[in-house]
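Below, each chain spelled out in residue letters.
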Amino acid sequence: MAILRIRRIGICGTDLHAFEGTQPYFQYPRILGHELAGELVEADGADGFEPGETVTFIPYFNCGTCVACRAGKSNCCARLEVAGVHIDGGMTEYLSVPSYSLVHGGGLSFDELALVEPLAIGAHGVRRAGIQPGEFVLVIGAGPIGLGVMEFARIAGAEVIAMDLNESRLAFCAENLGIPHTVNARASDVMERLRTLTGGDMPTVVIDATGNLTAINNSFAYLAHGARYVLVGLQKGDIRLSHPEFHKREATLMSSRNATRQDFEHVIGCMKQGLIRPTTYITHRVLFGEVKEQFRSWLDPARGVIKAMIEIDT
Ligand SMILES: NC(=O)c1ccc[n+]([C@@H]2O[C@H](COP(=O)([O-])OP(=O)(O)OC[C@H]3O[C@@H](n4cnc5c(N)ncnc54)[C@H](O)[C@@H]3O)[C@@H](O)[C@H]2O)c1
Ligand SMILES: [Zn+2]
Ligand SMILES: [Zn+2]
């Protein structure tokens, strides 16, 4: 095991929904926090890690022996325990984690390192899609998860189309992420716009990052023939699709769960190269002692939270 002194805690939808009591399968009491950066205090059996070093960690603790783990897919371990979800997480000054989960900070700041986990979710979804340069990739949902998907799709060479209902989030994609095409899902001519943007083909990759059942069901219609559809977003209902429409496209439907070390390293590598500047996602920042007063306000859509970051002072 390793002991971390936590310095940054990123807040995500899971934390907000858990606080509201609307996150499925959550058991209480639970200490939240899975987007973390800190200093390594002590590590047992962590080769190459030194006390005092800046680290993050992969908060999906896996069994190492199930069928998924044996296949290298520890991100979807049959007995997965996610810190801050299934077991207590890092909204605390010190946290002990399995040494195998540690990730070197690579010279990045605490803020950057606390953003690695949510970005790795997007990196994993993009890797699942197997994007070829020049492909039209439609990303639906421009929340923090969708933003990461868009960044890594762009880095993979895709022509990214961002879709959302929220104009200010679409504007953020255009201005801060350099996404060339944005489409409001409420527009009456969505199909036409997609057809025009893609030269008549429709997107060969569609990635859902809304977790909204209506959006997920509607998006089957956006798939090009031969396309892949990756569900990064998650919801509780049953998906509905037209079998003949899906069949004639020979489409592929995939889910994308969590991320692996390879994704974490890809994210860190892209940050080090300056290919992404995700600290622009941080819209709200508080000290640890202010969390209790501030947390509820981040649930209010009017506050325009993209990413709230908690700082633990020295
Ligand atoms: N794959 C994983 O392991 C993993 C990890 C973390 C989060 N998630 C999931 O990713 C999803 C996104 O997370 P987030 O934190 O970015 O959420 P978010 O709520 O901040 O963002 C979702 C975005 O989708 C947009 N949206 C909602 N309905 C829409 C519709 N019908 N058409 C177009 N856009 C629509 C919203 O306006 C919003 O901007 C959630 O479902 C979350 O559970 C998955
Ligand atoms: Zn998260
Ligand atoms: Zn396992």
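For clarity, every value in this text was computed on a predicted model and none was experimentally measured.

Engineer: Provide a residue-level description of the pairing of strand β3 (residues 54-57), including the pertinent values.
Structural biologist: In the sheet, strand β2 (residues 35-43) pairs with β3 via 2 bridges, with the strands oriented antiparallel. When the sheet's bridge partners are listed, E39 is paired in β3 with T54. With 3 bridges joining them, β3 and strand β7 (residues 102-104) adopt antiparallel strand pairing. Residue pairing across strands places F57 opposite L102, the latter belonging to β7.

Engineer: Kindly report on the layout of surface pockets, identifying the contributing residues and their values.
Structural biologist: Looking at the second largest pocket, its volume works out to about 160 Å³. If you go around the second largest pocket, the residues you meet are F19, L32, M91, F288, G289, V291, K292 and F295.

Engineer: Now, about the coordination of the zinc ion (ligand 3): what can you tell me, with residues and values included?
Structural biologist: Each protein donor to the zinc ion (ligand 3) is listed here as C63 (SG), C66 (SG), C69 (SG) and C77 (SG); together their distances run 2.3 to 2.4 Å. In this structure, the zinc ion (ligand 3) is coordinated by 4 donor atoms arranged in tetrahedral fashion, with angles at the metal of 103 to 117 degrees.

Engineer: Provide a residue-level description of the coordination of the zinc ion (ligand 2), including the pertinent values.
Structural biologist: By definition of the ideal shapes, a tetrahedral metal site with four donors has angles of 109.5 degrees and an octahedral site with six donors has angles of 90 or 180 degrees. Binding of the zinc ion (ligand 2) to the protein goes through C12 (SG), H34 (NE2) and E35 (OE), at separations of 2.1 to 2.3 Å. In primary sequence terms, the donor set of the zinc ion (ligand 2) follows C-x21-H-E. With C12 in the loop between β1 (2-11) and α1 (13-20) and E35 in strand β2, this pair connects stretches of sequence that are 23 residues apart. E35 carries the same exposure label as C12, and that label is buried.

Engineer: I'd like a rundown of helix α5 (residues 144-155), residues and numbers included.
Structural biologist: Taking 1.5 Å of rise per residue, the 12 residues of α5 would be expected to cover 16 Å, and the 17 Å separating its terminal C-alpha atoms lies within 8% of that figure. Turning to α5, the residues buried within the fold contact α4 (116-129), β8 (136-140), β9 (159-164), α6 (167-176), β11 (205-208) and α10 (261-272). At the exit of α5 stands G157, carrying a positive phi of roughly 100 degrees.

Engineer: Explain the site of ligand 1 to me, and be specific about the residues and the numbers.
Structural biologist: Lining the immediate environment of ligand 1, one finds 22 residues, of which D164, R169, L234, S256 and N258 sit closest. One nitrogen or oxygen atom from the main chain of I145 is found 3.1 Å from an oxygen atom belonging to ligand 1. In the model, a nitrogen atom of ligand 1 is placed 2.7 Å from a nitrogen or oxygen of the S256 main chain.

Engineer: Can you lay out the environment of E81 for me, pointing to particular residues and giving the numbers?
Structural biologist: Residue position: E81 is located in strand β5 (residues 81-82). Between the C-alpha atom of E81 and that of E192, which follows or precedes it by 111 residues, the distance is 43 Å. Setting aside chain neighbours within four positions, we find E81 in contact with P59, Y60, F61, H86 and I87.

Engineer: Before we move on, could you go through α1 and cite the residues and values that matter?
Structural biologist: For α1, the complete set of buried residues consists of D15, L16 and A18. For α1, the buried positions fall inside an angular range of 160 degrees around the axis, keeping them on one side. Packing partners of the buried residues in α1 comprise β1. Downstream of α1 by a residue or two, G21 has a phi angle that is positive, lying close to 90 degrees.

Rules used in this analysis
Along every chain, residues carry numbers that run from 1 in the direction the sequence is written. Each chain takes a letter, starting from A, and each ligand takes a number, starting from 1, following the order in which they are written. Whole-chain, interface and lining totals are the exception, using all residues; otherwise, since this is a predicted model, local features are given only for residues with pLDDT of at least 70 and side-chain atom pairs are given and counted only at 80 or more. The side-chain quantities take in all heavy atoms of the structure and omit both hydrogens and water. Any two strands with at least two DSSP-identified bridges between them are counted as paired. Only DSSP runs of H or I covering at least 4 residues are called helices, and only runs of E covering at least 2 are called strands; the numbering of each starts at the N terminus. Points on a 1 Å grid over protein atoms alone make up a cavity when a 1.4 Å probe fits among them but cannot get out, and a pocket when they form an open set with protein on both sides within 12 Å along at least five of seven lines; lining residues each have an atom within 4 Å of a point. Grid points are joined across faces, edges and corners, and a volume is the space filled by probe spheres set on the points. Each metal's donors are the N, O and S atoms found within 2.8 Å of it, except that Na, K and Ca use a 3.2 Å limit; water is left out, so coordination can look incomplete. A four-donor site is called tetrahedral if each angle lies between 85 and 135 degrees; a four-donor site is square planar, and a six-donor site octahedral, when trans pairs exceed 155 degrees and the remaining angles lie between 65 and 115; all other cases are labelled irregular. The buried label goes to any residue with under 20% of its type's maximum accessible area, the exposed label to any with over 50%, and the partly exposed label to all in between, with areas taken from a 1.4 Å probe on protein chains only. Helices are assigned an expected span. That span is 1.5 Å times one less than the residue count. When checking whether two residues touch, look at their non-hydrogen atoms; a contact exists if any pair is within 4.5 Å. Nearness here has a simple test: a residue counts as near a molecule or strand if at least one of its heavy atoms is within 4 Å of that partner. For the purposes of these results, a polar contact is taken to be a pair of N or O atoms within 3.5 Å, where, inside protein, one atom must be able to donate a hydrogen and its partner to accept one; residues adjacent in sequence count only when each atom of the pair is a side-chain atom. Arc, as used here, means the arc of the directions from the helix axis to the C-beta atoms.

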